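Summary of structural features
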Amino acid sequence: MSLIDTLRTLPGGQQPRKRKTLVNSRVWKFLATHRLVTAFILMVTVACIVLISFIGINSSAIPVYPNQIASVQITANAAFDYVSQEKAGAAREQIRSRVPRVYRLDHEPLKKFEAAMNSLLADLDALEREDAAAEGDDAAAVAVAAMAAEGDAAAEGEAARAEGEAAATEGDNAVAKRETATAKRETAAAEREAAAAKRDDALGALAKAFNARGPYAATTDELRALLGAGDAAFRHALVETALLTLRELYKDGIQDPTPGMASPDGTATVFKISRPDGETAGRPVRTLEYARTELRVNLASEGMGRKNTNLIARLFDNGLSSNVHFDEAATTALENEAVLNMPQPMVHVEHGQVIIENGKRVSPERYEMLEAYRTYLLKHDTESNAADMQLFRRILVVLAMLLACAIYVRIEDPETFLSNGRLALLALVVVFNLALVRATYWLAELPYFVHHSAAASTLPYLAPTAIAPIIVAILIDAGSAIFMALLISVFTSVIYGSRLDVLVLTFFASMIATYRCRNIRRRGSIMRAALLGGVAVSCFALLFGIIDRQLFMGPDFTVPRQVLTGLVNGLVTGVIVVGLLPLIETLFQRTTDITLLELTDYNHPLLLRMQMEAPGTYHHSLVVAQLAENAANAIGANPLLARVCALFHDIGKTNKPGYFTENQRDRTNPHDENNPSLSALIIKSHVKDGVDLAIKHKLPRAVIDVIQQHHGTSLIRFFYQRARGEKRYQAGGSNAPMPAGNSRPPTLTPATRPPVPASVTRPPVLASATRPPAPVTRPPLSTQTAPGLEPVPVCETTYRYDGPKPRFKESAAILLADGVEAASRSMRKITPQHLGELIDQIFKDRFEDGQLDEAPLTLEDLNKIKASFTLTLLNMLHSRVAYPPQLGKVEEAPVEKEKGAFPESAGEPSSGTSSEPVK
């Protein structure tokens, strides 16, 4: 025993248990249903929406973005001046384009060429000396041979003439000698040709060595022409003349102009030349073609002949190259100096001047003017309200929208229209959602967003407009959520300057999220639905960027930011909805399918307690839950709500489980020792005990309502008939016969027995208990009536449940399922005909007793419920094939029950009809 229980057992420590009950005061009823409260909710909602959507909204703060079509006209409410950076940028570009470019002269190519030419001259001089020595030796040898041949020929001629004819033979020898001399001369010529070839090879090697010293292309012919132009002194003078010409050309500058830049006189225009000392001067420069021409003219004056002049000029062309190069650093410094001295362009805006024109594309200059205007207002703490945005007009607009919403709700969801709690829920979530939208709009007034248009352009895509539609779709229905989505989208577009694109975008995203939240049962599904809405926002942002001709990866990454903001919007919406749902459920006593699904966990403390302390009631609740769920599904009600409410509808029996027949296992019935009124009071108390447990365990209001309504105001007929029987016995005096073996009259009558076909023969079924009550040994109360006095009549109200009657479809289905399940236990043979007759009788009794008067059920719904009950019970109570007895065992004969005895399958004492147990 716990310490608390021990203290309660001490004298004065035992305190009476107090039940928790629902607050149903007149004030609460007034607040929940009175039309004055409805009007008050409407007025407060109008005031809040006007305050959120219009007050403080000025035209200057309406988001407008560069290169987009403006959706609002903005005019200046005050004169102001600002420095136009756009005009300053254009002026800077103009100045930079007018500042002459600075070039520098490069003399390195000429220096390299001079060094190469000096080396070439030295090589040519050496080659010339070698050639001269070789040619001298060859010439002397040839001369000596010629002189010897001529001397021999003369001597021979003299000898021949002297001797005459006798010396003929000697003449032949002279011829031979002459031939020998000729051969020697030919040999000398061949040697000279070989020497020339050797010179050519040497010149080729010199040309190759010269070309290797730079980007040159000298040939052997060019070097031969230079070598053959004259002696060494002439060559040196010729080269010096050419180099002098090159120096002059390089000094003036040589430029290889692009087509169209050369002047007719062969010059290229360069405005500034950077000298080595750092000074700049303007002058024209020679073109490359002009430099070649001037070089040829100077070489032609040396009188070398046209062919040699061209060859030598081609050699010196290797020294010509463009030496005028753009000096970027000097040019930039000059431009910066010019820009620094540029005056800042000031722009003056008059009062009433149009800054942004509606329907026109926002140019960078206009957007800069708008930013300057916003900065001026922020600095001077000035508001600019459009003249046509008057308070009365705003109130009319909001009132018209809310009245249209009220008409829609009145047509599509009358239950919401008649409940101030639901209307307050709608008003609260709409106002809260618009407040969040206004908060995102307020961000545009911060200095960071004022000066960063790329960041400010993401704000309309950040507005979480799907919060209220998702909450309404989960807590009420999808129809109301659709209209809430439209309402919020309209006022969101008003906040952002009556932008049609914002209206369509937000409404589309809210519709997608609402569609995904129609029958949601898990909190993770809320996140997925909200993210789908965010994906829709991102897709629209991308499409709008394409339409507005914005680059996806532009310099400010505007489109990627908007796409990412749409996804963040969906994520934030889901987090807010998941966080708000439990609070709103508690505040407005609404129950979502998410909460109901959590309550179907059989490890719930109340269900575990029922399993342990009242297992019969637990099994009964499971069957009723299955019946009610299938019936609710058939009539279009909420099957999950019906199942959860049915699981908990009899939790009050756990306080006194032994007083209910399904939990009696030791064949004793405590009601046999009580009078009927006390038994009826105990039976009825399970409703109040159930409400008490439900409140303590914070069960939803719908479950508590079903606990109160699942019996309605039906009659506990068994104890009512017992009380009437005792009164009749008392009225008859002590000589009146009592029922054998019982102190109370039997209740089995044709009126209280379920209809049984004539073809079926079975013992009569009594619905008083699952077994015959034990004989009562105490004497009957008031066995004799005083003369002249009549017994007090039995009050039927004492034996009726306190109600209320079922007021919604799920509660009515549970009431009917409760009676059908209890009555079906007493059936020995389950056939469609017998079961149908039993269900019809129970429905008839409930209908005639008025238990369905307040339930929104039609006759069609009742027929669907009957068909659902029949199908479910036939599947649950089906018979099985009898297995044959094992060999060697004798089957015991069935024991025939005593006629009129209570069957073991009978239910507990009846409350509504004699064919069902007491509840």
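**Side note on the overall build of the chain**
The helix and strand tally for the chain stands at 33 helices and nine strands. A burial count over the chain gives 43% of its 919 residues as buried. For the chain, the share of sequence-separated contacts (at least 6 apart) that also reach a separation of at least 24 residues comes to 79%. When the accessible surface of the chain is totalled, it reaches about 47500 Å², and 58% of it is carbon and sulfur.

**Concerning the packing of aromatic side chains**
Evaluated as defined, the whole model comprises 14 aromatic pairs. With 5.7 Å between their ring centres and 25 degrees between their planes, F80 and Y376 make a pair best called stacked. Note that F80 is positioned in strand 2 (residues 80-83) and Y376 in helix 12 (residues 364-380), a separation of 296 residues in sequence. Relative accessible area serves as the criterion here: at 22%, Y376 is assigned to the partly exposed category. Summarising the aromatic geometry, the rings of F113 and Y216 are spaced 5.6 Å apart at their centres and angled 75 degrees between planes, so their arrangement reads as edge-to-face.

**Re a positive patch on the surface**
A contiguous patch of positive charge, built from R516, R518, R521, R522 and R528, is present on the exposed surface. Here R518 lies in the loop between helix 21 (500-516) and helix 22 (523-547). Take R518: its relative accessible area is 44%, and that puts it in the partly exposed class.

**Overview of unusual backbone geometry**
Cis rather than trans, the peptide bond between G803 and P804 has omega equal to 5 degrees. When you line up the elements, P804 lands in the loop between helix 30 (717-732) and helix 31 (809-824). The backbone of K698 shows a phi angle near 55 degrees, a positive value even though the residue is not glycine. As for its position among the elements, K698 is in the loop between helix 28 (676-696) and helix 29 (701-709). Overall, K698 belongs to the exposed group, its relative accessible area being 73%.

**So, the packing of helix 9 (residues 288-300) against helix 10 (residues 306-317)**
For the pair helix 9 and helix 10, the least separation of the axes is 10 Å and the interaxial angle reads 135 degrees. Classified by the angle their axes make, helix 9 and helix 10 are oblique. Helix-helix and strand crossings are classified by hand; for helix 9 and helix 10 the assignment is right-handed. For the pair formed by helix 9 and helix 10, the contact residues are R292, L295, R296, L299 and A300 on the first element and T309, I312, A313, R314, F316 and D317 on the second.

**Let's talk about the pairing of strand 8 (residues 346-349)**
The alternating pattern of strand 8 places V347 and V349 on a buried face, while none of M346 and H348, on the opposite face, is buried. Sheet topology note: the strand 2/strand 8 ladder contains four bridges and is antiparallel. Within strand 8, the position partnered with F80 by the bridge is V349.

**A short note on the side chain of K684**
Mapped onto the elements of the fold, K684 is located in helix 28. Buried within the structure, K684 lacks any salt-bridge partner; D802 is the closest side chain of opposite charge, at an N-O distance of 4.0 Å. Among the polar contacts listed, one links the side chain of K684 to the backbone oxygen of T798, at a separation of 3.0 Å. Leaving out residues up to four positions away in the same chain, K684 has contacts with I716, T797, T798, R800, Y801 and D802.

**Some remarks on the packing of helix 31 against helix 32 (residues 832-848)**
If you want to describe how two helices pack, look at the angle between their axes and the distance between the axes. Where helix 31 meets helix 32, the closest approach of the two axes is 10 Å, and the angle between their N-to-C directions is 135 degrees. It follows from the interaxial angle that helix 31 and helix 32 lie oblique. Crossing geometry of helix 31 relative to helix 32 is assigned as right-handed. Residues L815, L816, G819, V820, A823 and S824 of helix 31 form the contact with helix 32, whose own contacting residues are L838, I839, I842, F843 and R846. Grouping the constituent residues of the contact of helix 31 with helix 32 by class yields eight nonpolar, two polar and one charged.

**Details of the environment of I95**
Inspection of the secondary structure assignment puts I95 in helix 4 (residues 85-98). Residue classification places I95 among the partly exposed residues on the basis of a relative accessible area of 23%. Considering only alpha carbons, one finds I95 and M342, 247 residues apart in sequence, at a separation of 8.4 Å. Non-local contacts of I95, meaning those with residues more than four positions away in its chain, are made with A338, V339 and M342.

**Digging into the confidence of the model for the chain**
Per-residue pLDDT for the chain has a mean of 76; in total, 74% of the residues score no lower than 70. Long-range and interchain partners of residues 383-389, a stretch whose pLDDT sits below 50, account for 13 contacts in this model, where long-range means more than four residues apart. This stretch, residues 733-789, has a pLDDT under 50; its non-local contacts, to residues over four places away or in other chains, come to 96 contacts.

**So, a nonpolar patch on the surface**
On the surface, V535, L564, L567, V568 and V572 cluster together to form a nonpolar patch covering roughly 370 Å² of accessible area. It is helix 23 (residues 558-588) that contributes the most residues to the nonpolar patch, four residues altogether. By the secondary structure assignment, V535 is in helix 22. On the basis of relative accessible area, V535 is assigned to the partly exposed category, the value being 37%.

**Describing helix 20 (residues 478-495)**
The end-to-end C-alpha distance of helix 20, which contains 18 residues, comes to 25 Å, matching closely the 26 Å that a straight helix rising 1.5 Å per residue would cover. Taken across its 18 residues, helix 20 has 14 buried, putting it largely inside the fold. Just past helix 20, the residue G497 takes up positive phi, approximately 85 degrees.

**Comments concerning the environment of R561**
Here R561 shows up in helix 23. Between the alpha carbons of R561 and L542 there is a distance of 9.9 Å; along the sequence they are 19 residues apart.

**A word on the environment of D601**
Tracing the sequence through the fold places D601 in the loop between helix 24 (593-599) and helix 25 (605-613). With relative accessibility at 39%, the residue D601 sits in the partly exposed group. For the pair D601 and V644, spaced 43 residues apart in sequence, the C-alpha to C-alpha distance is 9.6 Å.

**Section: the side chain of S493**
You can see S493 is positioned in helix 20. Within the structure, the side chain of S493 is placed 2.7 Å from the backbone oxygen of V490, a separation counted as a polar contact. Beyond its immediate stretch of four places on either side in the chain, S493 contacts S498, R499, V502 and L503.

Reading guide: rules and limits
Residues numbered from 1 in each chain as written. Predicted model: local features only at pLDDT ≥ 70, side-chain atom pairs only at ≥ 80, totals over all residues. Heavy atoms only, no water. Helix = DSSP H or I, 4+ residues; strand = E, 2+ residues; numbered from the N terminus. Buried < 20%, exposed > 50% of the residue type's maximum accessible area, 1.4 Å probe, protein only. Contact = heavy atoms within 4.5 Å. Areas by Shrake-Rupley, 256 points an atom, 1.4 Å probe, with all protein chains shown as cover. Phe/Tyr/Trp six-rings, centres within 6.5 Å; stacked < 30°, edge-to-face > 60°. Patch = residues over 30% accessible without salt bridge, like charges linked within 9 Å, V, L, I, M, F, W, Y side chains within 5 Å. Salt bridge = Lys/Arg side-chain N within 4 Å of Asp/Glu carboxyl O. Lys, Arg positive; Asp, Glu negative; His and termini not counted. Charge placed at Lys NZ, Arg CZ, Asp CG, Glu CD. Axes fitted to C-alpha atoms, helices over the stretch in contact; angles between N-to-C directions. Parallel < 35°, antiparallel > 145°, perpendicular 65-115°, else oblique. Left-handed = near helix turned anticlockwise from the far one by under 90°. Pairing = 2+ DSSP bridges. Polar contact = N/O pair within 3.5 Å; in protein donor to acceptor, adjacent residues only side chain to side chain. Nonpolar A, V, L, I, M, F, W, Y, C, P; charged D, E, K, R; others polar. pLDDT = per-residue confidence, 0-100. Expected span 1.5 Å × (residues − 1).

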